[in-house]
Amino acid sequence: MAQKAEVNALFVATQAFDRGLQGRQILGRPHPGHGPDGPDDHWGGSYVQQHGEFYRGTVLEPFPAADREVQGFDVLESVLPSARDRGMKVFSFILENSHSGLTKNVPNWPKVLQHDAWGRSDMYACMRNPEYINWWLSLVEDQVKSYALDGIMFGSERNGPLGNVLENGGFARDGKPYCFCPHCVSAGERRGIDSRRAAEGYIKLHELARGGDDSKAPGDSSFVRFLRLLLTYPEIMAWEQLWHEGYEELQKRIYGTVKFLNPQVQVGWHVWHHNSFSPLYRAQMDFTKIADYSDFIKPVMYNNCAGYRLHAHINEVKQSIFRGVDDQTIYDLYRQTLGYEEAIAFDDLPAQGLSTDYVRRETARALGGIGGKASVYPGLDVNVPTPPHVKQTGPAEIADSITSALDAGADGIILSRKYSEMSLENLEAVGQTLRGRAL
């Protein structure tokens, strides 16, 4: 990585249950030319040694990754000395995503699950559950005290209840309205939000998003009925904001914890690619606010697979609040409201991807929001896996996306998603591009 791609910092996956961050190349994808060529036994958890004293008094205890290949292996202990020898910084990359069949292996995980609008336990953990919060703070304290890290990058890839329902699942994962556990209900009541009304509104919205009320309001489009629900149940938007504030509060506590332990350790955020597709999610990810508790951000800007992902997102919302509206009209609305100048027909999106102008615009937008308070490191697409009919990443695309990000003023770039997917040819293209710019 140092010789071919001029890499000067490593973001090492230390904690996650999502194989998009860890594990070998995905089955069915071409071998990248390095590392083992074969399936792995991926389970997720912690890929570093955990120290029990930091977790005392918490319901969720240390949970080492159960992958057969990594039993007893500490990725930071292995990587740190070699990285230092090469002048590389080392960041711990931890991903919050908890909607996974693998978390059922974690003792006591059912005690931190969200509740949906019907009162049922959900697949995700609740970000307001004190035990879940304490688990993350324990994990962060453990890593900062136990390893000579340059920084920590934290990420979460999930929607609030409104986006989750409107997208019928999709990239939002499961399509259910949450969270109505006692911790969230108490937080809502403190803000003067009627939790019963919020749950009632979300149940009706869930029915609308799946076409269950189509016969009840003949002549009105699903979008008009959606607006009517928001007017009737303002608690819907209030509960959505309540959920997002819970995520912000977790980020702020992680930031404050790290800075208390070691002010020199950088803290930043992996900003989910959904920020490029959903106007609702973009409205919530306000970089002006985020800058106050960040040293850096990594906004995901995978332009090649972005066409495929945007196409999938629109296919989801057209089944909920945009039923009856043609695909191209929805796409034109989205690309214009998101600020993209992409002259692509909707059905051509997967094969063409988004242009590198998207990378330039998104980098400039992030820099404008951050306002110099933190660094912006766009996450760029290097062999992010997609089906065969979707635009693939090659050396020319790599060079163009790097050039677009740096020309827009990016403070650096993060090659994404993970090294085990990246071809040597594309890594060489990274190095050639950077050397051509005199680094």
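Residues numbered from 1 in each chain as written. Predicted model: local features only at pLDDT ≥ 70, side-chain atom pairs only at ≥ 80, totals over all residues. Heavy atoms only, no water.

**Regarding the state of the cysteines**
Two cysteines, two sulfur atoms, one covalent bond between them: this is a disulfide. Just so we agree on the cut-off: Pairs of cysteine sulfur atoms within 2.5 Å are what we label disulfides. Exposure categories follow from relative accessible area, calculated using a 1.4 Å probe and restricted to protein chains: below 20% of the type maximum is buried, above 50% is exposed, and the middle band is partly exposed.
Applying the stated criterion to the full structure yields 0 disulfides. You can see Cys126 has no disulfide; the closest cysteine sulfur is in Cys184, sitting 3.6 Å from it. With a relative accessible area of 1%, Cys126 lands in the buried category. Not part of a disulfide, Cys181 finds its nearest cysteine sulfur in Cys179, a span of 3.5 Å.

**Observations regarding the packing of aromatic side chains**
Which entries qualify depends on this criterion: Stacked, tilted and edge-to-face are the three classes applied to pairs of Phe, Tyr and Trp rings, where Trp contributes its six-membered ring and a pair requires centres within 6.5 Å; stacked means planes under 30 degrees apart, edge-to-face means over 60, and tilted covers the rest. Where helices and strands are cited, they refer to DSSP runs of H or I of at least four residues and of E of at least two residues respectively, numbered from the N terminus.
One pass over the structure, following the stated rule, counts 23 aromatic pairs. A centroid spacing of 5.6 Å and a plane angle of 90° characterise the contact between Trp109 and Trp135, whose relative ring orientation is edge-to-face. Taken together, the positions of Trp109 in the loop between strand 3 (89–95) and strand 4 (113–115) and Trp135 in helix 3 (residues 130–146) put the pair 26 residues apart, joining distant regions of the chain. The two residues Trp109 and Trp135 agree in class, both being buried. Their ring planes at 50° and their centres at 6.2 Å tell us that Tyr178 and Trp243 sit as a pair that is tilted. In this pair, Tyr178 sits in the loop between helix 4 (161–166) and helix 5 (182–190) while Trp243 sits in helix 8 (residues 235–261), placing the two residues 65 residues apart along the sequence. With relative accessibility at 8%, the residue Trp243 sits in the buried group. Put simply, the rings of Phe17, Phe63, Trp109, Tyr132, Trp135, Trp136, Phe154, Trp269 and Tyr293 pair up and form one aromatic cluster.

**Side note on the pattern of salt bridges**
Put simply, the rule reads: Here, a salt bridge means any side-chain nitrogen of Lys or Arg that lies within 4 Å of a carboxyl oxygen of Asp or Glu.
Applying the stated criterion across every chain yields a total of 29 salt bridges. With a closest N to O distance of 2.8 Å, Lys145 and Glu141 form a salt bridge. A residue pair is termed a helical-turn pair when its members lie 3 or 4 positions apart in one helix, as Lys145 and Glu141 do in helix 3 at 4 residues. Since its relative accessible area comes to 23%, Glu141 is described here as partly exposed. A salt bridge links Arg225 to Asp213; the nearest nitrogen and oxygen atoms lie 3.1 Å apart.

**Quick notes on the packing of helix 6 (residues 195–209) against helix 7 (residues 222–232)**
Note the following rule: Every angle, taken between N-to-C directions, lies between 0 and 180 degrees, and every axis is a line fitted to C-alpha atoms, over only the stretch in contact when it is a helix. When describing relative orientation, an angle under 35 degrees is termed roughly parallel and one over 145 degrees roughly antiparallel, while 65 to 115 degrees is termed roughly perpendicular and anything else oblique. Here a residue-residue contact requires only that any non-hydrogen atoms of the pair lie within 4.5 Å. Following the grouping adopted for this structure description, the nonpolar residues are Ala, Val, Leu, Ile, Met, Phe, Trp, Tyr, Cys and Pro, the charged ones are Asp, Glu, Lys and Arg, and the polar ones are all others, Gly among them.
At a minimum axis separation of 10 Å, helix 6 and helix 7 run at an interaxial angle of 175°. Taken as axis vectors, helix 6 and helix 7 run roughly antiparallel relative to one another. Between helix 6 and helix 7, the contacting residues are Arg197, Gly201, Lys204, Leu205 and Leu208 on the first element and Ser222, Arg225, Phe226, Leu229 and Thr232 on the second. Here the residues of the contact of helix 6 with helix 7 are counted per class, giving 4 nonpolar, 3 polar and 3 charged.

**What to know about the nonpolar core**
How we decide: Buried residues of nine kinds, namely Ala, Val, Leu, Ile, Met, Phe, Trp, Tyr and Cys, make up a nonpolar core once their side-chain atoms join them within 4.5 Å.
Counting residues in hydrophobic clusters, the biggest one holds 117 residues, and the most contacted among them are Leu76, Trp109, Tyr202, Leu205, Trp269 and Ile297. It is helix 8 that provides the largest number of residues to this core, a total of 9 residues. Ignoring sequence-local partners within four residues, the contact set of Tyr202 consists of Ala117, Pro161, Leu162, Val165, Pro177, Phe180, Ile236, Trp239 and Glu240. Ala16, Phe91, Met153 and Phe296 belong to the second largest nonpolar core, which has 9 residues in total.

**Quick look at the environment of Ala345**
You can see Ala345 is positioned in the loop between helix 12 (327–338) and helix 13 (349–352). Owing to a relative accessible area of 37%, Ala345 belongs among the partly exposed residues under this scheme. As for Ala345 and Asp327, which are separated by 18 residues in sequence, their C-alpha atoms are 9.6 Å apart.

**Regarding unusual backbone geometry**
Following Tyr178, the chain continues into Cys179 via a peptide bond in cis, with omega recorded as -10°. Topologically, Cys179 is positioned in the loop between helix 4 and helix 5. With an omega dihedral of 5°, the bond running from Ser416 to Arg417 counts as a cis peptide bond. Tracing the sequence through the fold places Arg417 in the loop between strand 11 (414–416) and helix 16 (424–436). Look at Asn383: it is not a glycine, yet its phi comes out positive at around 65°. Relative to the helices and strands, Asn383 is located in the loop between strand 10 (379–381) and helix 15 (395–407). In this structure Asn383 comes out as buried when scored by relative accessible area, which is 12%.

**Some words on the side chain of Glu421**
Using the following cut-off: Pairing of N or O atoms within 3.5 Å defines a polar contact, subject to two protein rules: one partner must be a possible hydrogen donor and the other a possible acceptor, and residues neighboring in sequence count only if both atoms are side-chain atoms.
Positionally, Glu421 belongs in the loop between strand 11 and helix 16. Reaching out from Glu421, the side chain makes a polar contact with the side chain of Arg417 at a distance of 2.4 Å. Setting aside chain neighbours within four positions, we find Glu421 in contact with Gln25, Ile26, Pro32, Asn383, Val384 and Pro385.

**Looking at the environment of Phe154**
Mapped onto the elements, Phe154 comes out in strand 6 (residues 151–155). Accessibility expressed as a relative area gives 0% for Phe154, which makes it buried. Remark: the alpha-carbon pair of Phe154 and Tyr178, spanning 24 residues in sequence, is separated by 22 Å. Ignoring any residue separated from it by four or fewer positions in sequence, one finds Phe154 in contact with Ile94, Glu96, Trp136, Tyr247, Leu250, Ile254, Gly268, Trp269 and His270.

**What about helix 2 (residues 75–85)?**
This is how the line gets drawn: In this description, the arc belongs to the directions extending from the helix axis to the C-beta atoms.
When helix 2 is considered as a whole, its buried residues turn out to be Val75, Leu76, Leu80 and Ala83. Take helix 2 and look down its axis: the buried residues cluster within an arc of 110°, on one side only. Residues of helix 2 that are exposed and angled more than 90 degrees away from the buried face: Glu77 and Asp85. On its buried face, helix 2 is in contact with strand 1 (9–16) and strand 3. For helix 2, the N-terminal capping position is held by Asp74, with its side-chain oxygen 3.1 Å away from the main-chain nitrogen of Leu76. Phi turns positive one or two residues past the end of helix 2, at Gly87, with a value near 70°.

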